[in-house]
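Observations on chain architecture
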Amino acid sequence: MVPLFLTAFVGTIFVIQFFVPHRPFSSMQGLLTDWVQIIVAFAIWLGALNLMRVSAESVSKREKGWPYAVIIIASFLLMAVIGFFFSGGTRFQDPGTPFDWMYQNVYNPLSATMFAMLAFYVASASYRAFRARNREATLLLLAGFLVMLGRVPVGDQITAFLPDGYRLSNLADLIMNIPNKAGQRAIMIGIALGIVSTSLRLILGIERSHLGGEA
Amino acid sequence: MRRALLLALVLMLARAGLPGARATAPPESPSLLPPTSAVAVDTPNDAGRSLVVRWVLSPSDREQDVAFAGYEILRAESPEGPFVAVGDTPARTNEFVDNRELRDGAQYYYQVVARRGEALAPSVIVGPVIPAAQWFHTGRVNTLIAVLVLSGLIIYFIEHARRGRPIFLRKIAGLDAVDEAVGRATEMGRKILFIPGIQDMDSVQTLAGIAILGRVARTTSTYGATLEVPVSRSLVMVAARETVKESYMATGHPDSYHDDMVYYLTDDQFGYAAALEGIMVREKPATIFLQGHFFAESLILAENGNAIGAIQIAGTAEPSQLPFFVATCDYTLIGEEFFVAGAYLSREPRQLGSLKGQDLGKAIILALLLVGIVVQTTGVFDFASLFLVQ
């Protein structure tokens, strides 16, 4: 009952504070956001310790893929030790510290590599998706083709014989600004309604899955 | 006498040639004029922490006068002063919002000073004005009406459903496929991967994803399939464990549950994506659920799942990621379908009732859209302005 009451109480306060600027409601959002950040900061230990325990068990039992668990443990300990003991204490994030060197020269390139893979995944997904299997897929293919061509200089060069305002880039803008935007807005209206309905179910205690319980 | 007159004439002629000896007075340099009609009012719809000062521009404030520096705003707690500067504005602006350390219930007086170089031209002192907090934000009446109408509809239909009246639901292919997907994994002897997104429990999409996890866990428990839930946030790990544990207990298989079914990987977006990629490639799950709040990593995950031949059911309310899921997954819950999934799978009457209210809200919005198109196109009235939220 206590978690349900807390959910209802805090949810209602958040709704009220949107309409009531008077104190104490005006400061509620900032205060509760700070509390959430503090809780999340402490909760990170739950996850980190769980990760270490699971990885250590994987190594000790020589489960499938255990070398990756070794890498996880080693990386975690390396960054933690460098950050805590060899990087100037609370100023560990300052430029020039060993922790900063690891961040800039190891973590950032790895993260950028993962992000860069998206380019290839977009190409492979597009290759599969843009096939004229049926009417809707053909329409998608045509729209995608026009927008892609309209976004590069060669699109306008191909249609240079047309007057200004009627070239491929203008057509691409038209497709993005009118049918695409209309479709996106329709989805967002549905999403907004879904959020209101879900939030109301949470506040009223009808939806309890996040507490591990059934309605 | 003649000599005196001649001398006077010579002196007059000489003086005419001297510098400064002009026939007419030189033109005066333009003087700096103060701003006028200064007023100070309480900022509306706030918590009583700011005041607004407005004035009519100084006649000296012209675009051609590049030396005109702007205005300085002075404040005091009595008309006799002392006045201190609380801010300044550039030329051709006539409003200043003062939110610097205002005290509750205190009276304030203002003076607006035009500046050009060292020259100053102050306005008359205006005041007193007292900052006050308002109990209702008048710019959000339209939002309040919308919330009350929508909430009222949802609550009405929840009560309506509680009385046992049947509610029609259209089929959602992605949700009807859950049983099939779990059955496929069971037959193949491979695991089911459930990915609840990369945001924390403060995201409503994560909560919706956890609700779906509860229903999926019931199905995996019933079928005896292996469920794995790698998460990106510690609090999500805790909530997901409770949900899965409760589902396994509810279906009578508490021994099949163990805490390591739900485990934490990393908070980092691409670190999480990399770890999941590795899990997918090495362990080749037969079924992958991507239900939650995703960003750029969505395509990495979905495309990898497609590459290993898994059946994928995705759902998110992030409009920018929906096209990636639609292109790569077998089933995608789009927008509000994602939020109704928990209710749809549970078939619990009160939850289904809320869907009915949601649908009616959508019908009202559709009607307003049609009215708005006609009214706005004919120019009768600025219908769109009714929906602006401050």
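Since we're looking at a predicted model, the values are computed, not measured.

Glancing now at the overall build of chain A. When helices and strands are counted, chain A shows seven helices and zero strands. Start at the N end of chain A and walk to the C end: the helices and strands fall as α-α-α-α-α-α-α. Along the first, second and third principal axes, the C-alpha set of chain A runs to 65 × 50 × 40 Å. Put simply, chain A has 215 residues, and 14% of those count as buried. Sequence-distant contacts, at least 24 apart, represent 22% of the contacts inside chain A between residues at least 6 apart.

Turning to the overall build of chain B, a few remarks are in order. Along the backbone of chain B there are ten helices and 14 strands. On C-alpha atoms alone, chain B measures out to a radius of gyration of 37 Å, which is more than a quarter above the 21 Å that the 2.2 N^0.38 rule sets for 390 residues. Taking the principal axes of the C-alpha coordinates as reference, chain B spans close to 140 × 50 × 50 Å. Of all 390 residues assigned to chain B, the portion counted as buried reaches 43%. By sequence separation, contacts in chain B at least 24 residues apart represent 67% of the contacts at least 6 residues apart.

All names here are of chain B. At their nearest, the axes of helix α6 (residues 269-283) and helix α7 (residues 297-307) sit 10 Å apart, and the two run at 5 degrees to each other. In terms of their interaxial angle, α6 and α7 are classed as roughly parallel. Here Gln269, Phe270, Tyr272, Ala273, Leu276, Glu277, Met280 and Val281 of α6 come into contact with α7, specifically with Glu297, Ile300, Leu301, Asn304 and Gly305.

Our next topic: the domain arrangement of chain B. Each domain of chain B was delimited in the assignment, giving domain 1 (36-129) and domain 2 (167-346). Each of domain 1 of chain B and domain 2 of chain B has a C-alpha centre, and these two points are 58 Å apart.

What follows covers the interface of chain B and chain A. The interface of chain B with chain A comprises 68 residues on the first partner and 54 residues on the second. Counting residues per element, the side of chain B that touches chain A draws most heavily on helix α5 (residues 234-250) of chain B, at ten residues. Taken together, the residues of the side of chain B that touches chain A sort by class into 38 nonpolar, 16 polar and 14 charged.

What follows deals with helix α10 (residues 349-378) of chain B. In a regular helix each residue adds 1.5 Å, so 30 residues correspond to 44 Å; α10(B) covers 44 Å between its end C-alpha atoms and thus fits that length. Where α10(B) is buried, its residues meet α7 (168-203) of chain A together with α2 (141-162) and α9 (336-346) of chain B. Phi for B:Gly379, located one or two positions after α10(B), is positive at around 75 degrees.

We now examine the environment of B:Tyr223. Residues and elements named next belong to chain B. Relative to the elements of secondary structure, Tyr223 occurs in helix α4 (residues 204-223). The spacing of Tyr223 and Thr186 is 37 residues in sequence and 6.9 Å in space, taken between C-alpha atoms. What Tyr223 contacts, discounting residues up to four positions off in sequence, is Val182, Gly183 and Thr186.

What follows is about the confidence of the model for chain B. All names here are of chain B. For chain B, per-residue confidence averages 88 on the pLDDT scale, and residues scoring 70 or more make up 92% of the total. Ignoring residues within four places in sequence, the model shows residues 13-29, a span with pLDDT below 50, making two contacts including any to other chains. In the model output, the complex is listed with pTM 0.83 alongside ipTM 0.89.

Calculation notes
- Residues numbered from 1 in each chain as written.
- Chains lettered and ligands numbered in written order.
- Predicted model: local features only at pLDDT ≥ 70, side-chain atom pairs only at ≥ 80, totals over all residues.
- Helix = DSSP H or I, 4+ residues; strand = E, 2+ residues; numbered from the N terminus.
- Buried ≥ 20, exposed ≤ 12 C-beta atoms within 10 Å, placed from the backbone.
- Contact = placed C-beta atoms within 7 Å.
- Rg over C-alpha atoms; globule rule 2.2 N^0.38 Å.
- Axes fitted to C-alpha atoms, helices over the stretch in contact; angles between N-to-C directions.
- Parallel < 35°, antiparallel > 145°, perpendicular 65-115°, else oblique.
- Domains from an automatic or database assignment.
- Nonpolar A, V, L, I, M, F, W, Y, C, P; charged D, E, K, R; others polar.
- Expected span 1.5 Å × (residues − 1).
- pLDDT = per-residue confidence, 0-100.

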